[in-house]
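# Summary of the model geometry
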Amino acid sequence: LPLRRYGAAPPTSQSQRQQQQQHLRPLAKLATSAVLGLSLVLSPPSPLCLAKQLSPAETIVQEVYEVVDQHFLDARDGGYSSERWQELRKDALRDLGKGKRGEEEDARRLAKRMLKRGIPSGDPYTRLLMPDEFERLSKYDVSGVGLNLGTREEYEQRVGSARDVIAGPTTTNNNAVASGYDPFVVLGVVIHSPAEEAGIRQGDRILSIDGEAPAGLTPMQAAQRIKDARSAETRLRVMRASDGSVAEVAVPRGKDGEAAGGAAGAAGDLVRWAQGKGKSYPVDFKMRKGKDGEREGYVNLKEFTARAPAGVREALKQLDAEGADYFVLDLRDNLGGLVPAGVEISRLFLGSDAPVVYTMTKGGGLQDRVPHPATYQPPLTNKPLVLLVNKSTASASEIVAGALKDNCRASLAGDTTFGKGLIQSVYELSDGSGLVVTVGKYVTPSRLDIDRHGISASFKTVPTMKEQDEYIRSCRVVK
């Protein structure tokens with residue numbers, strides 16, 4: 001669910017070109033927050049803005065028009081019309097300057113009017129963010145040093161063509177890159193972050209982390225390895241996108257592994273929340289007595305932060321060591337969070353080759369866009385599993401529930417889930433505001449459309465192990 005920096009009016013002088021180059025510095029991936037999923041990826045300038053000199057106010061209207069026209073998915077079949085959207089752009093450009101406010105403020109008002117009249121009422125998520133709202137969101141950091149990592153395929157899908165990523169060697173003299181390993185690509189870098197200050201740029205490839213190639217890991221796991229480093233700095237071996245050169249980069253870190261130079265105030269609190277360092281830890285667990293006297297390993301997951309996969313893993317290992325006969329993963333009132341964290345937690349029970357979720361975007365069919373590790377990673381446990389869900393189990397929680405249910409790995413107990421299966425991307429516009437746009441929707445491995453329907457539970461309460469065994473035996477995986 002990428003956030004993308006959109007186009008700006010073309011520069012007319014050397015100083016303006018320098019200012020625009022500074023403005024277009026890559027940002028980092030925004031993670032999902034509560035029910036809404038957000039992430040940041042660079043996007044090319046608007047073609048029309050490059051072809052024609054537009055005023056700053058006209059540029060805002062044009063950018064809003066183009067982002068919606070190119071990327072909006074009417075996932076709920078609300079009757080969106082591209083012809084109507086074109087007319088609304090013409091009306092907004094015609095009415096510019098008629099208001100009593102400043103030009104850019106008036107343009108934002110007209111952009112909001114376009115969205116209100118052109119986006120179906122059934123989509124409550126597509127909207128314009130004011131510059132101060134967008135700035136708060138853009139401080140969100142998962143890696144701890146301001147890096148957003150992805151695969152080459154993700155870079156091509158979200159950022160640009162394959163030619164923007166230099167194809168480097170798969171082996172090096174010092175064995176920093178394992179044979180056959182395709183390094184991760186930097187999708188974005190947080191402005192003023194340690195990674196940016198160290199010279200890392202969008203399109204660069206990460207060859208090693210503290211001397212070890214992250215072969216066999218997903219981008220989420222690699223980011224977690226960077227964040228969990230205990231030294232004062234993280235050493236990254238980077239292949240430059242600009243010229244293909246390879247360099248050793250030292251990224252400084254703060255106390256307890258937190259990146260140096262982080263944001264302050266509310267933005268800093270958001271960063272700490274993203275890193276799992278907020279006031280409450282996302283995972284609680286304990287041993288309980290089951291209905292028939294079995295030892296029940298109970299795990300309560302409050303939200304899908306970057307720290308959640310490691311927390312659930314540790315909980316399962318400790319409960320297993322204490323003799324748990326089966327596990328209960330409580331996702332009640334969990335509104336979601338980082339979708340990659342949900343994928344990693346699903347794989348703790350499924351292994352790395354099982355399908356977790358499919359996505360549908362504008363002009364495309366169902367696709368499995370979840371990165372799969374290069375080498376198979378088995379599940380952490382094969383013991384019986386029950387998920388507790390309710391009407392406030394949403395977004396990333398529903399992805400986990402759908403994956404485990406459809407792969408016949410777990411039963412669901414409780415109520416039907418919330419039913420939020422839409423994907424939003426956030427685009428940064430040239431004036432510093434942001435545009436949230438629905439660009440796709442999630443579908444479970446059995447092709448169940450989550451949105452507005454939710455996922456039904458098979459039991460009202462945690463079943464007995466006999467009931468659980470009968471349910472799993474009768475379950476059939478839909479391929």
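Residues numbered from 1 in each chain as written. Predicted model: local features only at pLDDT ≥ 70, side-chain atom pairs only at ≥ 80, totals over all residues. Heavy atoms only, no water.

To continue, consider the sheet that holds strand β5 (residues 184-189). Sheets are built from strands that pair by backbone hydrogen bonding, the pairs being arranged parallel or antiparallel. Strand order in the open sheet made by the five strands is β4-β5-β6-β7-β8, with antiparallel pairing throughout. Either end of the sheet is taken by a strand with one partner, and the two such strands are β4 (147-150) and β8 (246-252). Strand-to-strand, the axes of this sheet are offset by a mean angle of 45°, without reference to chain direction. As paired elements, β5 and strand β6 (residues 205-209) share two bridges and run antiparallel to each other. (Pairing = 2+ DSSP bridges. Helix = DSSP H or I, 4+ residues; strand = E, 2+ residues; numbered from the N terminus. Axes fitted to C-alpha atoms, helices over the stretch in contact; angles between N-to-C directions.)

For the rest of this paragraph, the subject is helix α4 (residues 82-95). Between the first and last C-alpha of α4 there are 20 Å, a value that for 14 residues agrees with the 20 Å anticipated at 1.5 Å per step. Within α4 the residues assigned to the buried category are W85, L88, R89, D91, A92 and D95. One side of α4 carries all its buried residues, which in axial view fall inside an arc of 165°. Opposite the packed face of α4, turned more than 90 degrees from it, sit the exposed residues E83 and R94. (Expected span 1.5 Å × (residues − 1). Buried < 20%, exposed > 50% of the residue type's maximum accessible area, 1.4 Å probe, protein only. Arc of directions from axis to C-beta.)

Residues V68, W85, L301, L329, L387 and L435 are the most contacted members of the largest nonpolar core, which totals 67 residues. The contact partners of L301, leaving out residues within four places of it in the chain, are P282, V283, A308, V312, L329, D330, L331, N334 and I345. (Core = buried A, V, L, I, M, F, W, Y, C linked by side-chain atoms within 4.5 Å. Contact = heavy atoms within 4.5 Å.)

Glancing now at empty space enclosed by the protein. All told, the structure shown has two cavities of 30 Å³ or more when counted by the stated rule. Put simply, the largest cavity is a space of about 50 Å³. What lines the largest cavity is simply F72, L73, D74, A75, R76, D77, G78, P120, G122, D123, L422 and T438. Taken together, the residues of the lining of the largest cavity sort by class into five nonpolar, three polar and four charged. (1 Å grid on protein atoms, 1.4 Å probe; cavity = no way out; pocket = protein on both sides within 12 Å on 5 of 7 lines; lining within 4 Å. Points joined across faces, edges and corners; volume = space filled by probe spheres on them. Nonpolar A, V, L, I, M, F, W, Y, C, P; charged D, E, K, R; others polar.)

A positive phi is found at C408, a non-glycine position, where the angle reads about 55°. Here C408 shows up in the loop between α13 (396-406) and β15 (411-414). For C408, a relative accessible area of 14% translates into the label buried. Although it is not a glycine, R447 adopts a positive phi angle of roughly 75°. Considering the arrangement of structural elements, one finds R447 in the loop between β17 (434-443) and α14 (465-474).

With 74% of its residues at a pLDDT of at least 70, the protein chain reaches an overall mean of 78. Across residues 7-45 the pLDDT falls below 50, and counting only partners more than four positions away or on other chains, this stretch makes 127 contacts in the model. (pLDDT = per-residue confidence, 0-100.)

Time to look at the pairing of strand β10 (residues 295-301). Residues in a regular strand project their side chains so that they alternate between the two faces of the sheet. When you tally the buried positions in β10, you get six out of seven residues, the bulk of the element. Bridging between strand β9 (residues 283-289) and β10 involves seven bridges; their strand directions are antiparallel. Residue pairing across strands places V283 opposite L301, the latter belonging to β10. Where β9 folds back onto β10 in an antiparallel hairpin, the turn is made up of five residues, including G293, whose phi is positive at roughly 90°. As judged from the five bridges shared by β10 and strand β11 (residues 326-330), these two strands associate in the parallel manner. Following the sheet pairing, Y298 is matched in β11 by V328. Each parallel crossover has a hand, and the one from β10 via helix α11 (residues 308-321) to β11 is right-handed. (Right-handed = clockwise from strand over helix to strand, strands pointing away.)

Moving on, we come to the packing of helix α3 (residues 56-71) against α4. Close contact between α3 and α4 brings their axes to 10 Å; oriented N to C, the two are set at 175°. Put simply, α3 runs roughly antiparallel to α4. Contacts between α3 and α4 involve E58, V61, Q62, V64, Y65, V68 and D69 on the former and, on the latter, S82, W85, Q86, R89, A92 and L93. Partitioned by chemical class, the residues of the contact of α3 with α4 number seven nonpolar, three polar and three charged. (Parallel < 35°, antiparallel > 145°, perpendicular 65-115°, else oblique.)

On to the sheet that holds β15. Taken in spatial order, the five strands make up an open sheet running β9-β10-β11-β14-β15, and their pairing is mixed. The outermost strands of the open sheet, each flanked by one partner alone, are β9 and β15. On average, adjacent strands in this sheet sit at an angle of 25° to one another, irrespective of strand direction. As paired strands, strand β14 (residues 385-389) and β15 are joined by four bridges and run parallel to one another. Looking at β15, one finds that V386 is bridged to S411. Against the sheet, α11 makes contact with β9, β10 and β11, and its axis sits at roughly 25° relative to β9, the strand it touches most.

Among the seven residues that make up strand β7 (residues 233-239), five are buried, leaving the element largely enclosed by the rest of the structure. Note: β6 against β7, four bridges, orientation antiparallel. Opposite I209, over in β7, you have L236 as the bridge partner. Examined bridge by bridge, β7 and β8 share seven bridges and lie antiparallel to one another. Within β8, the residue paired with E233 across the bridge is P252. Remark: six residues form the turn of the hairpin made by β7 and β8, two consecutive strands paired antiparallel; G244 in that turn has positive phi of roughly 80°.

Moving on to the packing of α3 against helix α5 (residues 103-118). Across the interface, α3 lies against α5 with an axial gap of 8 Å and an inter-helix angle of 25°. Relative to α5, the element α3 is oriented roughly parallel. Once α3 is placed against α5, the crossing between them reads as right-handed. In this structure, α3 contributes P56, A57, I60, V61, V64, Y65 and V68 to the contact, and α5 contributes E103, E104, A107, A111, M114 and L115. For the contact of α3 with α5, the per-class residue count stands at eleven nonpolar, no polar and two charged. (Left-handed = near helix turned anticlockwise from the far one by under 90°.)

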